[in-house]
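The primary structure of each chain is shown beneath.
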Amino acid sequence: MAPRFAFCLFLIFSSEWTRVFSSPTCTPDVRCSPSGHLAHISATPREFLGQDLTHFGEIPVGDFVGYTEGEASPEVAAAVAESSAKVEPQAAWQEDACCAQEEDQTKLSLPDDRNDLDSEENGDDVDSTADEDPRRRSARGAETWADLGDDGAHEVPYADSVDVQLASSTFALAGDTAHNQAMVHWSGQNSSVILMLTKYYDFSSGRVTESSLWRSTDYGSTYEKLNEKAGPKTILSYLYVSPNNKRKIMLLTDPEVESSLLISLDEGASYQKHSLAFDILSLLFHPEQEDWILAYSHDQKLYVSVEFGRRWQLVHDNVVPNRFYWSRLGLDKEQGMIHLEINVSEGRSQYITCKLQNCSEGNKGKPFPGLIIPNSLVVQDEYVFIQVPTGGRSVHYVSYRRNSFYPVKLPKYTLPKDLQIISTDDNQVVAAIQDWYQNDSYNLYMSESRGLFFTLMLDDVVSSGGPEGNIMIDLYEVAGIKGVFLSNKVVENQVKTYITYNKGRDWRLLQAPSTDLQGKRVDCEQPYCSLHLHLHVSENPYTSGNIVSKETAPGVIIASGVVGPELTTTNVSIFITSDAGNTWREAFQEEYSVFFLNQGGSLVAIRHTPLPIRHIWLSFDEGRNWDKFSFTSSPLYVDGVLGEPGEDTLIMTIFGHFSHRSEWQLVKIDFRSIFQRRCTSEDYTPWQLDNEGEVCIMGMKRIFQKLRVNARCVKAREQYISQMSESCPCTEADFECDYGFERQVDGSCTPAFWFVPSATSRDCITGESFLNSTGYRRALSNNCTEGTLLKYSPRRQKCPRQVPKGLQLFTSEGVLVAALNKNVTFLVFLEEGLSSTTSVTVDFGDGTTISYVNISSIEDGVKHVYGKVGIYQVSATASNVLGFDRVTLYLHVTCQLEQVQLSAPSVAIKNKAVNFTTMLRPANVGTVTYYWWFDNKTEPLLSLDGGMSFTFSREGSHVVTVQASVGSTVHQDHMTVAVYDYFQSHILAFSSNLDDANPGLSEWRMDIGRVVKRSVVQQSLSD
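Reference entry: report on the structure contained in this document.

Cut-offs used in this document
Residues numbered from 1 in each chain as written. Predicted model: local features only at pLDDT ≥ 70, side-chain atom pairs only at ≥ 80, totals over all residues. Heavy atoms only, no water. Helix = DSSP H or I, 4+ residues; strand = E, 2+ residues; numbered from the N terminus. Pairing = 2+ DSSP bridges. Axes fitted to C-alpha atoms, helices over the stretch in contact; angles between N-to-C directions. Salt bridge = Lys/Arg side-chain N within 4 Å of Asp/Glu carboxyl O. Buried < 20%, exposed > 50% of the residue type's maximum accessible area, 1.4 Å probe, protein only. Polar contact = N/O pair within 3.5 Å; in protein donor to acceptor, adjacent residues only side chain to side chain. Contact = heavy atoms within 4.5 Å. Disulfide = S-S within 2.5 Å.

At the junction of Gln 526 and Pro 527, the peptide bond is cis and its omega measures out at 5 degrees in the coordinates. The topology assignment puts Pro 527 in the loop between strand E34 (508-509) and strand E35 (530-533). Here the amide bond leading from Arg 921 into Pro 922 is cis, since omega sits at -10 degrees, within 30 degrees of zero. A positive phi angle, near 55 degrees, is found at Gln 599, a position not held by glycine. Within the secondary structure, Gln 599 sits in the loop between strand E40 (592-597) and strand E41 (602-607). If you check the backbone angles, Asn 821 has positive phi at about 60 degrees while not being a glycine. Mapping Asn 821 onto the fold places it in the loop between strand E60 (817-819) and strand E61 (823-832).

Right, dumping it as structure tokens:
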């Protein structure tokens, strides 16, 4: 579940509003943009001090680290990172919705004199919370204390009172004052090139009306405007970068003006324009081939290019949004293959595979023979997940390493309303499941290697809805240390933060700091009081949800949170741990963005404030002390920070404005002057990971090399990966409860009340032997050896001969209706029983029966064609020498109904039954349901045959309507019946060949009726 990041910056600025966010966030269900499309967000009020960031500063110095002021917009979560290279431009309606939300916010008045806004630098910042909790009134360093600094009453003091100026240079993007969105890309790979796309998004029209493209070749000291190279009238809307070759740049024009791509192969120095025949909605870059791209259009068509966008070819239409994936070498048969989900009918989709440039009907693969529930296909690492409609409910299926699909096995009485795949790392699946009784929380489950059998990891984990309908789960994996997770759990209506060091086997509360920032003792006793952290973007726009860790800084976690009985959104402070969560200390008592510098060897902090600033703070001892540095002579409204990706050089760019109506100012900072030298081995000290003193974690003793406190040296790339490990003897603590077992108070695993341990494993369906569980299973990433390994490990046994059990039969489309003379595919699955010795017989109910020697030979289903309409009893029987199991379904075979015709006397006597009949065309269409309406009633009468008897209770004209329903086809007819107290009938004789002239229309009978009536009346008058 390691985070993947995009090298990008999100900047928004307008005359009154400004905000920046960092993009990297790990969520279960949102697609990512690693070095692909550089997304943006909308402007929001800078007057609001609250922030909503997830994993702020999580990117290395080479990646973007954002700094935000104000309320979080809904688009923040849309820019999160995930495990694919798919990127999605935001639709215009999302921008409008955000804008509308912003306009509803109450604006705080600001002085008209812009100089007054610089009061922070003049020490005039007013403490608006003077009468509130003192924890909100200071941001002083943990081990230093001084008078208020010149950056305002709440600035953190510094060890050296001298105002140290960092080496910096400033460049203004002249002419872009009105632009309110920007995307930034730094190539990296020893490159000094930075690209920046600024644009003006008109919220009233919902489109981009102006854009500028800037390029720097000197690490951001100067920029060149490239509008002429792109085309003087060209309006650019999105910037894409190949994740495999940062020199390859793709710019997308605004389709309202023209639909085309600008492609650069030299880091943006020159461009070639290529017209598009479709409008791009999203792109998916191949994980290895730098020129292979999938493009999804607004009309649900999928295109492919193997020439980095220069030429495109249609792959398939009716493709479900976001449900297409590149193949993976070593798992799929071919590298150039695509997994995709296509719409087949209302409420049904199909999972198919296609060859890269030949997706003809003959080249399509159908890994699952039946239809699936829409938006359910997930292809991730070794696993493929789908949902299948079965018996009126949704059943989740999984395929491991592209083998056959099997139903996912959850604890018996788990009835999921929703299932989200969190992670497929370490060759196992972590899933979040919302059970039938849950609304605002999910349970976490973890599988064995095949993703089949799931056991509970943690219950009642906090969840919230994301901006685009995605689900945000409060689960965070600490970078660089396998098995360490943080999660927020609901306990008796309170949200508390828990930590695990063994991937969910055991959880405990976080120990609060022993003292606060002022050195006062913190009285906090568990379980009534502990430290609670924000682990993801909060729904409250005035709180932050920030947490960050880094693989190159093992054990260091920085997060915002509170000390108390539960997690709250008030009195939020910044906390830091240096020992992977065992002990914590308070670093700031206000909102700060903190991110890593120097390959994790240093920390940089920027205060959240609506006022312009000119200082940042650096720590060289994991946040215990902070030094203050000036990065600009004039105070700057900070919008964001960009660092060189993946390099050892210490160059960063801070983006901002000198005033709300000025151009963007790009301040390049060179940190090399504050570092004295390159680090040597003497600058490092060993640190051993432990969990409250226990050093054997996940079966290993792990010792990391960490930079010594206050070692001001530049870390080389090879110096931060040093780690020593030693295996530990296995103990009971290294094993979690296996499927069907539950942990007791004494730590043992015993069978759940619904589980029968003697039941044979699914391995006995396809093999001759199985691993008989002892009730325990070792976590896949646990590396313990010997000890109690044999005691708790499963034992391989020969599959016993047993009666087949759990036979399942359903159609591939998940419905019980089939068309006449069309193929019907029946799927047969066996829960328990040895397939090699179990024969299967399928009786189609029409006198046809087919038998198979073993069930494994019908994994692709059994096909049959029915030649007559009707209801058929279809059964499957699995049998061996010990017994059998049988399952039955009833299939309705129908043909297309073309017409229904209603027939009855046109005159009836009051209170006397009238018989109505129907005729169908064709006459035999299968099972028909009739709906009858009499006397203008809204509720119909139902019948299964074409006749109905009804008594009218009053005189007059009555309209009778009938509908005939066959499958999804409905036809209707109606007639009028005249009802009298009394009437006299006359017997009329017609020639035998009268119907020969009948054209078969109901109007013909009505016309003949009028002729007859007129003749009868005339005859009566003459008599």
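Additional details are given in the paragraphs that follow.
Moving on, we come to the sheet that holds E61. The 3 strands are arranged E59-E61-E64 in an open sheet whose pairing can be described as antiparallel. Of all the strands in the sheet, the pair left with one neighbour each is strand E59 (805-811) and strand E64 (862-865). Mean inter-strand twist for the sheet, computed between neighbouring axes without regard to direction, equals 25 degrees.

A few words now on the pattern of salt bridges. Tallying each qualifying case throughout the model produces 27 salt bridges. For Glu 258, the salt bridge goes to Lys 273, with nearest N and O atoms at 3.2 Å. Taken together, the residues Glu 258 in the loop between strand E12 (249-253) and strand E13 (260-264) and Lys 273 in strand E14 (residues 272-275) connect sequence positions 15 residues apart. Given the relative accessible area of 26%, Glu 258 is considered partly exposed. The residue Asp 738 makes a salt bridge to Arg 777 at a minimum N-O spacing of 3.8 Å. Here Asp 738, found in the loop between strand E53 (735-737) and strand E54 (741-743), pairs with Arg 777, found in strand E57 (residues 776-778); they are 39 residues apart in sequence, far enough to count as distant. What you see here is one network of salt bridges that share partners, running through Arg 505, Asp 506, Glu 732 and Arg 743.

Let us now look at the environment of Arg 795. Mapped onto the fold, Arg 795 is located in strand E58 (residues 795-798). Here the alpha-carbon distance between Arg 795 and Leu 771, two residues 24 residues apart in the chain, equals 5.2 Å.

For the rest of this paragraph, the subject is the side chain of Ser 327. Examined against the element boundaries, Ser 327 turns out to sit in the loop between strand E19 (319-326) and strand E20 (337-345). Judged by its relative accessible area of 3%, Ser 327 falls in the buried class. Separated by 2.4 Å, the side chain of Ser 327 and the backbone oxygen of Gln 335 make a polar contact. Here Ser 327 is in contact with His 286, Asp 332, Glu 334, Gln 335, Gly 336, Met 337 and His 339, once residues within four sequence places are set aside.

For the coordinates displayed, the defined rule picks out 6 disulfides. In this model Cys 524 forms its disulfide with Cys 529; the gap between the sulfur atoms is 1.9 Å. A torsion of -105 degrees about the S-S bond marks the disulfide between Cys 524 and Cys 529 as left-handed. In this model Cys 730 forms its disulfide with Cys 784; the gap between the sulfur atoms is 2.0 Å. Taking the sign of the torsion about the S-S bond as the criterion, the disulfide between Cys 730 and Cys 784, at about 90 degrees, is right-handed. With a gap of 54 residues between them, Cys 730 in the loop between strand E52 (723-727) and E53 and Cys 784 in the loop between E57 and helix H4 (789-792) connect regions that are remote in the sequence. One exposure class covers both Cys 730 and Cys 784, and it is buried.

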